[in-house]
Amino acid sequence: MSHNIYTTSEKAWTAMLESITQARSSIYLESYIFLHDTFPTHNFVEVLAQKAREGLRVVMVIDGWGSYYFGDEESKLLKDAGVELLFFTYWFRRIHRKVLVIDDNISFLGGVNIANSYVHWLDLHIKISGKAIVQQLLRSFAVSYRLSGGKNEDILKYETVESLRDRAETWILEHRPKLGGNGLQKYYEERLNKAEKSIVIVSPYFLPGRWFIRALRAAMVRGVRVEVLLPKKTSPAILTIPNILYAAMFFKEGVHFYFNPVMNHGKALLIDDKEGLIGSQNIDAQSFDFNAEVGVSFTRKDMVSELREIIETWKQGGEEFTHDSFKKRWYHKPLEFIARALQPVM
């Protein structure tokens, strides 16, 4: 199994389009945000349409809310070319996943959406090739396809592929609260509770639930060092204040926060420098309680080491939160109360 990790949206897009261009039989793409404004450098719509015209099976599942501004003209272009385009539309449920599978042998997943406003963002996206791991991701894609109204039995058959979790150094972590599966919370709870030396969390938004807070506090009681990497200014901007308020709260309890000046949309977990997770999940109620998410967990030393190096680079390029980083004002107390009250739905 081979892999590559990309640290910006632009780098990930370039690699994805290169693989799409080289596809020979099938392309399955699933995305929370997919907009037709990344051309001329990254013209996903035209490249996907061209591959469909060449006779490849091209299937797209995109979230109806996240991709609300995906136009009718682009939809018609894709469908006329032979692309099967499906929209996931459920109240209060989102497909927050970002998945690309090519020729049943190459896959991409992580945090990268497709829209021009994200081109310069820091992010984490991983390319993995190899039959075992890609089969797991195909199984996961088939579920999204069915939930979005897909009927093609050649795709639905992937749902019967056996999950290889706990049998290898790398596996797919699937999370679908709508179907009663809360794999993401279980995974985080188990890893946070078993950590012995260090916990590193990367997320654009830090709005932890009570169970998450309890696990972090228990880890610090055991002497575990907890680090959290966040962007200094979020997109949307409204979430900047909650990030800072939570950082101020937990800084007092011993959590180390690092704020990057560039918008960092990456999502990762690193435990004891022995196990890593890269995926689509944020540290908020939307990801844990409502949205469909997917990630790749790994204990392979080379992958863990690479993630560690990326995190260290981001830490060095950021600013560590200190006593002087935040001056509490009178209005922060009510804002803190509001943030806590709204956390279960944010």
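Please read these numbers as outputs of a predicted model, since none were measured by experiment. (Residues numbered from 1 in each chain as written. Predicted model: local features only at pLDDT ≥ 70, side-chain atom pairs only at ≥ 80, totals over all residues. Heavy atoms only, no water.)

K.L.:
Quick question: what am I supposed to make of the pairing of strand β3 (residues 57–63) here?
P.N.:
Looking down a regular strand, the side chains alternate between one sheet face and the other. Burial runs high along β3: six of the seven residues are buried. Bridge count between strand β2 (residues 26–31) and β3: six bridges; the pairing is parallel. Paired with I27 across the bridge in β3 is V58. In this sheet, strand β4 (residues 84–88) lies alongside β3 in parallel orientation, the contact comprising five bridges. Across the sheet, the residue bridging to V61 is L86, located in β4. After leaving β3, the chain enters helix α3 (residues 72–81) and then returns to the sheet as β4, a path that is right-handed. (Buried < 20%, exposed > 50% of the residue type's maximum accessible area, 1.4 Å probe, protein only. Helix = DSSP H or I, 4+ residues; strand = E, 2+ residues; numbered from the N terminus. Pairing = 2+ DSSP bridges. Right-handed = clockwise from strand over helix to strand, strands pointing away.)

K.L.:
What am I meant to see in the sheet that holds strand β11 (residues 256–260) here?
P.N.:
Hydrogen bonds along the backbone pair up the strands of a sheet, which may run parallel or antiparallel. Ordered in space as β8-β14-β13-β12-β9-β10-β11-β15, the eight strands form an open sheet in which the pairing is mixed. Only two strands of the sheet have a single neighbouring strand rather than two, namely β8 (170–175) and β15 (319–320). Here β11 pairs with β15 via two bridges, running antiparallel. From the neighbouring strand, Y258 faces β15, where its bridge partner is E320.

K.L.:
Is there a simple way to explain the pattern of salt bridges in this structure?
P.N.:
Side chains that differ in sign of charge can pair as their charged atoms come close. Applying the stated criterion across every chain, the model contains 18 salt bridges. Residue E227 pairs with R225 through a salt bridge whose shortest N-O separation is 2.6 Å. By relative accessible area, E227 is classed as buried at 6%. Put simply, R225, E227, D273, R308, E312 and K315 are held in one network by salt bridges that share partners. (Salt bridge = Lys/Arg side-chain N within 4 Å of Asp/Glu carboxyl O.)

K.L.:
How should I be thinking about the sheet that holds β2 in this particular structure?
P.N.:
Pairing is mixed across the open sheet formed by seven strands, whose spatial order is β1-β7-β6-β5-β2-β3-β4. Looking at the sheet topology across the chains shown, the edges are occupied by β1 (2–8) and β4. Geometrically, the sheet is characterised by an average inter-axis angle of 10° between neighbouring strands, direction not taken into account. Of the pairings in the sheet, the one linking strand β6 (residues 106–110) to strand β7 (residues 122–129) comprises five bridges and is antiparallel in character. Counted as the bridge partner of I106 is S129 from β7. Across the sheet, helix α2 (residues 44–53) is in contact with β2 and β3; its angle to β3 comes to roughly 145°. (Axes fitted to C-alpha atoms, helices over the stretch in contact; angles between N-to-C directions. Contact = heavy atoms within 4.5 Å.)

K.L.:
How do you make sense of the nonpolar core when you look at a structure like this?
P.N.:
Across soluble globular proteins, nonpolar side chains show a tendency to be buried alongside one another. Judged by nonpolar contacts, the single largest core of 45 residues is most densely connected at Y28, L109, L124, Y145, I278, V296 and L307. Looking at this core element by element, the count peaks at nine residues for helix α4 (residues 131–147). Among all residues touching L109, those that are not within four sequence positions of it are K98, V99, H125, I126, I128, L137, I172, V294, G295 and V296. (Core = buried A, V, L, I, M, F, W, Y, C linked by side-chain atoms within 4.5 Å.)

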